[in-house]
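Here are the chains, one letter per residue:
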Amino acid sequence: MTAVNQVLAIDAWRLPEQTYDPAQLMLKETLLSQGNGYLGSRGTLEEGDSAIACEGVYLNGLYSAEAIVYGESAYGFAEQNHKMLQVPSGKWFRLQLDGEWLHPQSGQPMHRHLDLQNGVLQRSEIYQTSSGKQLRFSSERLVSAAIPGLMLLRFELEALNFSGDLLIETALDARYQPVRKAGDPRVGDMSARHALAATAQCDGQLTALSSLQFNAQAAPFQVAALMHHQWPEDAVLLQSKLESHWLSQQVQLSLTQGVTQRVEKWLYYGHSDRQSTTALLLARLEAEFTAQIARGSAAIWREHQALIAEFWYQTDIECPADPALQQGMRFNLFSLYQHAGRNGQSNIGAKGLSGPGYDGHYFWDTEIYVVPVLSLCQPQLARQLLQFRINQLPQAQQRAREMSHQQGALYPWRTIGGTECSAYFPAGTAQYHINAAIAYALRSYLLASGDFAFIAQQAAGMLFETARLWLELGFFGRSGAFEIHQVTGPDEYTALVNNNFYTNAMAKLHLQFAVEIWQRLKQEQPAQALHWAQQLSLNEAEIGLWQQAAQQMLLPYDEALHINAQDDSFLQKKPWNFAETPAENYPLLLHYHPLVIYRHQVLKQADVVLAMVLLDQQFSTAQKAKNLAYYEPLTTHDSSLSSCIHSLAYAETGEPGKALHFLRDTLRMDLDNRHHNTEFGVHIACMAGSWLALVNGFAGMRCREDGLHFTPQLPVDWPELKFRLTWQGRLLQLRFCQQQTEYQLLSGPALTLWQGAVAISLTEVGEQKTVQNGVQP
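Predicted model only: the values in this text are computed from it and were never measured.

Undergrad: Can you walk me through helix α6 (residues 365-377) in this structure?
TA: Working note: α-helix, 3.6 residues per turn, so residues spaced by three or four point in the same direction. Relative to the 18 Å expected for 13 residues at 1.5 Å per residue, α6 spans 17 Å between its end C-alpha atoms, a close match to the ideal helical length. Roughly 40° is the biggest bend found in α6, and it falls at V371, with proline P372 one to four residues downstream. With 13 of 13 residues buried, α6 lies mostly within the body of the structure.

Undergrad: What am I meant to see in the sheet that holds strand β25 (residues 707-710) here?
TA: The strands that make up a sheet pair up through hydrogen bonds in the backbone, lying either parallel or antiparallel. Across the sheet, which stays open at both edges, the four strands sit in the order β24-β25-β29-β30 with mixed pairing between neighbours. What marks the edges here is a single partner per strand, and that holds for β24 (702-704) and β30 (758-762). Adjacent strand axes in the sheet meet at a mean angle of 30°, parallel and antiparallel pairs treated alike.

Undergrad: What am I meant to see in the sheet that holds strand β19 (residues 317-318) here?
TA: With antiparallel pairing, five strands are arranged side by side in an open sheet as β19-β26-β27-β28-β31. Lying at the two open borders of the sheet, with one neighbouring strand each, are β19 and β31 (768-772). Relative to β31, strand β28 (residues 740-747) is paired through five bridges, and the arrangement is antiparallel. By the bridge assignment for β31, Q744 is matched with Q768. Packed onto the sheet, helix α4 (residues 297-315) meets β19, β26 (720-727), β27 (730-737) and β28 and runs at close to 110° relative to β26.

Undergrad: Can you walk me through the pairing of β27 in this structure?
TA: Looking along a regular strand, one sees side chains alternate from face to face of the sheet. In terms of burial, β27 is a largely internal element, seven of the eight residues being buried. Note: β26 against β27, eight bridges, orientation antiparallel. Looking at the pairing, L721 lines up with F736 of β27. With six bridges connecting them, β27 and β28 associate as antiparallel partners. Paired with F736 across the strands is T741, a residue of β28. The turn joining β27 and β28, which pair antiparallel and follow one another in sequence, is formed by two residues.

Undergrad: How should I be thinking about helix α5 (residues 323-339) in this particular structure?
TA: In a regular helix each residue adds 1.5 Å, so 17 residues correspond to 24 Å; α5 covers 24 Å between its end C-alpha atoms and thus fits that length. The element α5 is extensively covered by neighbouring structure, given that 15 of its 17 residues are classed as buried. At the N-terminal end of α5, a side-chain oxygen is found 3.1 Å from the backbone nitrogen of A324, two or three residues along, and the residue is D322.

So, how was this worked out
- For every chain, the first residue of its written sequence is number 1, and the numbers climb from 1 along that sequence.
- For this predicted model, a pLDDT threshold of at least 70 governs which residues receive local features, and a threshold of 80 or more governs which side-chain atom pairs are given and counted, while totals over whole chains, interfaces and linings are taken from all residues.
- Side-chain metrics in this entry use all non-hydrogen atoms of the structure; hydrogen atoms and water are not considered.
- To qualify as a helix, a DSSP run of H or I must reach at least 4 residues; to qualify as a strand, a run of E must reach at least 2; elements of each kind are numbered from the N terminus.
- Helix span is expected to be 1.5 Å times the residue number reduced by one.
- The quantity called bend is, for any residue, the angle between two axes fitted respectively to the seven residues ending at it and the seven beginning at it.
- Relative accessibility under 20% of the residue-type maximum defines a buried residue, over 50% an exposed one, and the middle range a partly exposed one, all with a 1.4 Å probe and only protein chains included.
- When DSSP locates at least two bridges between a pair of strands, those strands are taken to pair.
- In this analysis, axes come from line fits to C-alpha atoms, helices being fitted only over the stretch in contact, and the angle between any two N-to-C directions falls in the range 0 to 180 degrees.
- Throughout, a residue-residue contact means that at least one pair of heavy atoms, one from each residue, lies within 4.5 Å.
- Pairs of N or O atoms are called polar contacts if they sit within 3.5 Å, as long as, within protein, a hydrogen donor faces a hydrogen acceptor (for residues adjacent in sequence, only side-chain-to-side-chain pairs).

Scope: geometric values only; no functional claims are made or implied.
Structural data, given as structure tokens:
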């Protein structure tokens, strides 16, 4: 298990920072980040720490494009990389007293915390100059949950033992440089200065709107950032400075001892494609911004906090036995809510909007980890993430043609704008299981929401186009089994293999689900079935082949070991020598050539074990236990996606001690910086996986065609586990104790749940029923 680096205090609802430590600044900036699905802001200090900080303000879906340079290229290689753009930071708010710029000092107390319950970053400091003057400085920062482009900062300033003038410098800053980490492909490389061609405007008035406008380099976007202040009446504008990537004001306040002065700083962001003009974009944003300012900050605050309160009412998990795990779960849920795209035009990146890691790319993380969780917590967000993939279907169809497939769609392994951005095809394009991940997410959403209209009217085309690709890729071999060759599964320490178990098993699920949806469309919405058949040139013969391929799918199995083989060749390889691998050589990908790793039995993350977890009843508990016993000792867990799946798998197979061990790792992956790269952004899939490990693992929840099933098994020292979830238009509350479980219907129509073989019917809103754990009818 990885080392712990805890930099924030334990608190059930807050992330408290208690000491200013420049060495930990970047990590804390990630952990204290804020977002609303469109606008993301790292938790950087108002004073600016450009030499040691990793500044970042991001707009989801906004990216620059640059050519990928290969020493030796080949047909079909990815041509461009997308990079999530940094946009101007408006957090800059520096104070000068007696000619001294005020700033925290290393080792001194820092009173700052992210309030998860209200979605606000709060801070309070007392600064003292060399002459002994003391100034209280307080700030509150929110990224509005209701208004996509809005960030609002409120400041309080109080002279504690003097009266006199205070100089304030406030700015929009797009000068900040990228932060790099040599040799680590997981760390992105972004620069607002280099990616944005800028113009600025400011009319020199104290309360006027100021703005920076940009054209993104090599990408079809225009961007604008606007700034407005509300100052005390006696504030004096001393200077305005206007440069291409910098817009600032210096303002003087006269402070009276014991009297609090208040300043508000409003920031508003937006972007459009090049079909518009910068002038039109700016005019639209100015009108929207002016309307929000007229409403006043109190209204903005109330609206924001009401949405955050609604989120927690629907989604909170209570695990009172362990404060560290409680904090980790709430932080992870809050992060999912902050960073998930809400408009169907953006997704949720591997690092969300919290940092530059992976260049802001979207991966399969969304479909295997995030969508299944949001489908049960915030289904409207899950639907928008699926809509994003639907909107990028044309690019996926084009990628399939580039890969010599005559029909169907192949989604990119990593992308923002819809085209493949992975420059390393063995661990990129070869991961065809991205298609099955999207089908799995659709199925998860349908089970949780019952929203068949969305599938029928919008998503079915994507489901069918991705399904038909398996018949393009695979073939019926000599034995009659359907085989899929030269692919890479989730375990990126094994690449370009034949019949990867996970890929084949998920392709089977994908094909079966596509056939089921086709049959249901014909029965319930024949007009929609005809629509898709005509649009996609789809016929019964092709659908029959899908069914045949699913039925005859080759799922490797080793008769001697009684396990499912990861692929046709994995079990013939030499096992990795873990005993002689130094601790400092992990993760392996940073210390060994890929070919060295590929030659061995060694896993980066769950592969067969992941298939066992996702496919639920298709495999017996005994078979799952055998696979887990074989593969986990070979797994490095170098991927942050691994611990959560192993926690769930151990809980399901009756090893709660090991399950809890891995749960702790996944719940506090970022808060403790266990993979030593949280400085560059949180691990979104791991965060979603922590919910799966807790709810699907210890509560034993499974989503099935006949409803929700539970097999609870809490750790012996946990008195209870309590959470809420949404199921097909109902809000449920569940409370699991050592001896019994309580089920309550909070809203929605009647339903029947299952605990083991016991049916639990809830017929009225407010009704609660208690079931004794372990009792069979």
